[in-house]
Amino acid sequence: MSRTQRAIIRIIVTLLGIGIVVAALWYGIQFFTHHSSSNTNVPFGQMTTPPVQQAPAGYKEYHSDLYRFSIIYPDDLAFLAYPEAAGGGTFTFENDSQGRGFQVYVTPFQGSQITDERFKADDPSGVRDNLQNITVDGAVGASFYGKDKALGDTAEIWFLREGYLYEVTTLKATADLLTSVMQTWKFY
């Protein structure tokens, strides 16, 4: 291979690398823009208005324009969003110093019910103690106590709505936090 051919290959590899970095940055910007707490980017080509919830003193409202939900949560919990594969996302609301918080995991879902196979894929422990049918702002789901390898005993609520699976998790010891937050969950 000649010196010119090697130089051309280096240029092509460099341009491909720059293209990958630009694509990754674009995806990150798109993800966080769609998950901001403003309603400037409306998905699916429709105008929607998030529900107006008056957060009491000591609380904040979060709403996701992409997944079209809002919640009210204690303002001492720090919020972070992480993009997931295939259009999913994870949202954490945590206060590490107090050891409390919760996580919302959202992923595209085909089907009208969560099968045992799907449950075991997302929760390898297979533990679903005190399983109860529930609804979250009209979405049918289940609440249960589970086990997580890293977290230990958990309290979880899973439900389906408009092509998405929502898995909301907290520590079992802070299940009351999850209960109060889930009472404010609104779809729009």
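Whatever comes next refers back to the structure up there.
Please read these numbers as outputs of a predicted model, since none were measured by experiment. (Residues numbered from 1 in each chain as written. Predicted model: local features only at pLDDT ≥ 70, side-chain atom pairs only at ≥ 80, totals over all residues. Heavy atoms only, no water.)

Caption draft 1: Broad picture of the overall build of the chain. Tallying secondary structure elements over the chain gives 3 helices and 10 strands in all. Along the chain, helices (α) and strands (β) appear in the sequence α-β-β-β-β-β-α-β-β-β-β-α-β when read from the amino end. With 188 residues in all, the chain has 38% of them scored as buried. Pairs at least 24 apart in sequence give 41% of the contacts found in the chain among residues at least 6 apart. Carbon and sulfur atoms make up 57% of the accessible area of the chain, which totals about 11,100 Å². (Helix = DSSP H or I, 4+ residues; strand = E, 2+ residues; numbered from the N terminus. Buried < 20%, exposed > 50% of the residue type's maximum accessible area, 1.4 Å probe, protein only. Contact = heavy atoms within 4.5 Å. Areas by Shrake-Rupley, 256 points an atom, 1.4 Å probe, with all protein chains shown as cover.)

Caption draft 2: Local environment of the nonpolar core. Ranked by size, the top nonpolar core spans 27 residues in total, and within it Phe-69, Phe-93, Phe-102, Val-104, Phe-159, Tyr-166 and Trp-185 carry the most contacts. For this core, the secondary structure elements donating two or more residues are strand 2 (69–74), strand 4 (89–95), strand 5 (100–108), strand 6 (129–136), strand 8 (152–161), strand 9 (164–171) and helix 3 (175–182). For this core, the element with the highest residue contribution is helix 3, accounting for 4 residues. Ignoring sequence-local partners within four residues, the contact set of Trp-185 consists of Phe-69, Ser-70, Ile-71, Val-104, Val-136, Asp-137, Phe-159, Tyr-166 and Val-168. (Core = buried A, V, L, I, M, F, W, Y, C linked by side-chain atoms within 4.5 Å.)

Caption draft 3: Spotlight on the side chain of Thr-154. Here Thr-154 lies in strand 8. Taking the relative accessible area as the measure of exposure, Thr-154 reaches 0% and is therefore buried. For Thr-154, the side chain forms a polar contact with the side chain of Glu-156, separated by 2.7 Å. Once you skip the residues sitting within four places of it in the chain, Thr-154 turns out to touch Phe-144, Tyr-145, Gly-146, Lys-147, Asp-148, Thr-169, Thr-170, Leu-171 and Lys-172. (Polar contact = N/O pair within 3.5 Å; in protein donor to acceptor, adjacent residues only side chain to side chain.)

Caption draft 4: Structural context of the packing of aromatic side chains. Applying the stated criterion across every chain yields a total of 23 aromatic pairs. Note that Arg-128 overlies the ring of Phe-119, its terminal NZ or CZ placed 4.1 Å from the centroid. Geometry around Tyr-145 places Lys-172 over its ring, the cationic atom sitting 4.5 Å from the centre. (Phe/Tyr/Trp six-rings, centres within 6.5 Å; stacked < 30°, edge-to-face > 60°. Lys NZ or Arg CZ within 6 Å of the ring centre and 35° of its normal.)

Caption draft 5: Here's a closer look at helix 3. By the burial criterion, the buried members of helix 3 are Ala-175, Leu-177, Leu-178, Val-181 and Met-182. Relative to the axis of helix 3, the buried residues are bounded by an arc of 155 degrees and lie together on one face. For helix 3, the secondary structure elements touched by its buried residues are strand 2, strand 5, strand 6, strand 8 and strand 9. (Arc of directions from axis to C-beta.)

Caption draft 6: Region of the structure containing the sheet that holds strand 1 (residues 59–64). Taken in spatial order, the 3 strands make up an open sheet running 1-2-10, and their pairing is antiparallel. With one partner strand each, in any of the chains shown, strand 1 and strand 10 (186–187) form the two edges of the open sheet. For strand 1 and strand 2, the ladder comprises 6 bridges, and the chain directions are antiparallel. Among the inter-strand pairings, His-63 is bridged to a residue of strand 2, identified as Ser-70. (Pairing = 2+ DSSP bridges.)

Caption draft 7: Structural detail: the side chain of Thr-184. Tracing the chain through its elements places Thr-184 in the loop between helix 3 and strand 10. With a relative accessible area of 18%, Thr-184 lands in the buried category. Polar contacts involving the side chain of Thr-184 include one to the main-chain carbonyl oxygen of Val-181, which spans 2.7 Å. Contact partners of Thr-184, with chain neighbours within four places excluded, come to Gln-53, Ser-70, Ile-71 and Ile-72.

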